[in-house]
Amino acid sequence: MPSRRGRRRFVDAVEALAPAPGNPLSLMDIAVIIPALNEEEAIGQVIAEIPRESVSDILVVDNGSTDNTAAAAAAAGARVVAEPRRGYGSACLRGIAELREPDVVVFVDGDHSDYPEEVPMLVGPIAADEADLVIGSRTLGQREAGSLTPQQLLGNRFACFLLRLLYRRRFTDLGPFRAIRRPSLAALKMADRDFGWTIEMQIKAVKRGLRVVEVPVRYRPRIGRSKISGTLRGTVLAGYKIITTILRHACP
Ligand SMILES: Nc1nc2c(ncn2[C@@H]2O[C@H](COP(=O)(O)OP(=O)(O)OP(=O)(O)O)[C@@H](O)[C@H]2O)c(=O)[nH]1
Ligand SMILES: [Mg+2]
């Protein structure tokens, strides 16, 4: 259950949804970065669901796909850049390097698990000057059955427990769907090249005293074949990476 505070923030954020004149959201220049590896079936739909009236730049980082991800993304109207070095973090870093100068950067997966129409809700607390980093929490939001595996839920819970223990900060998720002010993002000097990326951002944000807010987001089963959470190898590697990243930052 979302806390009362979480629900209030959610309601505030939803009220900030419509980009009407005078609404702080309409004054923000928002770019969306979508890291994508072999997502040709999903990527067009993800792009189509991004509210264009709120977003000035949709950047798909093709991470060495062997299918038609790049062509499908371009056909759907995204700017496509290539990053041959594999890894979720590598793709995000390339996206950051290619940004024009937006006020806010939103990260969303290319597999249609997140709800891109929630971008304005995610940016709401930043537009209201209440946050520097907003993390979409899939455990506070509505999840479709099977969208998060039991291993993912358990791993998330354990990682959040460690974050609370070591950094005295309560999180409910390491969700990939998130929004951050561009100057804050630059200050974090992100470096992780794979699945330590999301937790690295959370730890560095806490250490630098950024205002971090979680909002509930919806989550659904991905389109296409699972690469990480649905495979034993992917789950073990991602879990190991997340835990070692937490410990490494705790003992620099
Ligand atoms: N697995 C993987 N994903 C990448 C990579 N580079 C970019 N991505 C993209 O990063 C996003 C998250 O990866 P996913 O494969 O969806 O990871 P996940 O959500 O943990 O697991 P599944 O959805 O079950 O595969 C997707 O949009 C991928 O296409 C990479 O090197 N490996
Ligand atoms: Mg996924």
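The coordinates are above.
The rules behind each value
Within any chain, residue numbers begin from 1 and follow the written order of that chain's sequence. Lettering for chains starts from A, numbering for ligands starts from 1, and both go in the order in which the items are written. At least 70 in pLDDT is required for a residue's local features to be given in this predicted model, at least 80 for side-chain atom pairs to be given and counted, and no such filter applies to totals for whole chains, interfaces and linings, which use all residues. For this entry, the nonpolar core is defined as buried Ala, Val, Leu, Ile, Met, Phe, Trp, Tyr and Cys residues connected by C-beta atoms within 7 Å. Buried means a residue has 20 or more other C-beta atoms within 10 Å of its own C-beta, exposed means 12 or fewer, and partly exposed covers the counts in between; C-beta atoms are placed from the backbone. Contact between two residues is assigned when their C-beta atoms, built from the backbone, lie within 7 Å. Put simply, DSSP marks the helices as runs of H or I at least four residues long and the strands as runs of E at least two long, and each gets a number from the N terminus on. Multiplying 1.5 Å by the residue count of a helix minus one yields the expected span of that helix. The arc in question is the one traced by the directions running from the helix axis out to the C-beta atoms. Any two strands with at least two DSSP bridges between them are considered paired. Every axis in this analysis is a line fitted to C-alpha atoms, fitted for helices over the stretch in contact. Angles between the N-to-C directions lie between 0 and 180 degrees. The rule is simple: place the C-beta atom from the backbone, and if it lies within 6 Å of a molecule or strand, the residue is near it. Residues are grouped as follows: nonpolar covers Ala, Val, Leu, Ile, Met, Phe, Trp, Tyr, Cys and Pro; charged covers Asp, Glu, Lys and Arg; every other residue, Gly included, is treated as polar.

**Here we look at the nonpolar core**
One finds Val 32, Val 60, Val 106 and Val 123 to be the most contacted residues of the largest nonpolar core, which totals 68 residues. If we ignore the near neighbours within four places in the chain, the residues touching Val 32 are Ile 50, Val 55, Ile 58, Leu 59, Val 106, Val 108 and Val 119.

**Some details on helix H6 (residues 150-167)**
Helix length check: H6, at 18 residues, gives a terminal C-alpha distance of 25 Å against a target of 26 Å (1.5 Å per residue), a fit within 8%. Those residues of H6 not exposed but buried are Gly 155, Asn 156, Ala 159, Cys 160 and Leu 163. Down the axis of H6, the sector holding all buried residues measures 135 degrees, keeping them to one side. Set apart from the buried face of H6 by more than 90 degrees, the exposed residues are Pro 150, Phe 161, Arg 164 and Leu 165. Considering only its buried residues, H6 is in contact with helix H8 (197-207) and helix H9 (232-250). Once H6 finishes, Arg 168 follows within two positions and takes phi at roughly 55 degrees, a positive value.

**Points about the sheet that holds strand E3 (residues 79-82)**
Reading across the sheet, the seven strands line up as E3-E2-E1-E4-E6-E5-E7 and stay open at both edges, with mixed pairing between neighbours. The open sheet has two edge strands with one neighbour each: E3 and strand E7 (212-216). Going across the sheet, the axis of each strand differs from the next one's by a mean of 20 degrees, ignoring polarity. Summarising the sheet, strand E4 (residues 104-107) and strand E6 (residues 178-181) pair through four bridges and their orientation is antiparallel. Within E6, the residue paired with Phe 107 across the bridge is Arg 178. Docked against the sheet, helix H4 (residues 88-97) engages strand E1 (30-36), strand E2 (57-62), E3 and E4, running at close to 145 degrees with respect to E1.

**What about the site of ligand 1?**
Close to ligand 1 lie 19 residues, the nearest being Asn 63, Gly 110, Ser 226, Ile 228 and Ser 229. Among the secondary structure elements, those contributing two or more residues to the shell around ligand 1 are E1 and H4. When its residues are assigned to classes, the shell around ligand 1 shows six nonpolar, seven polar and six charged.

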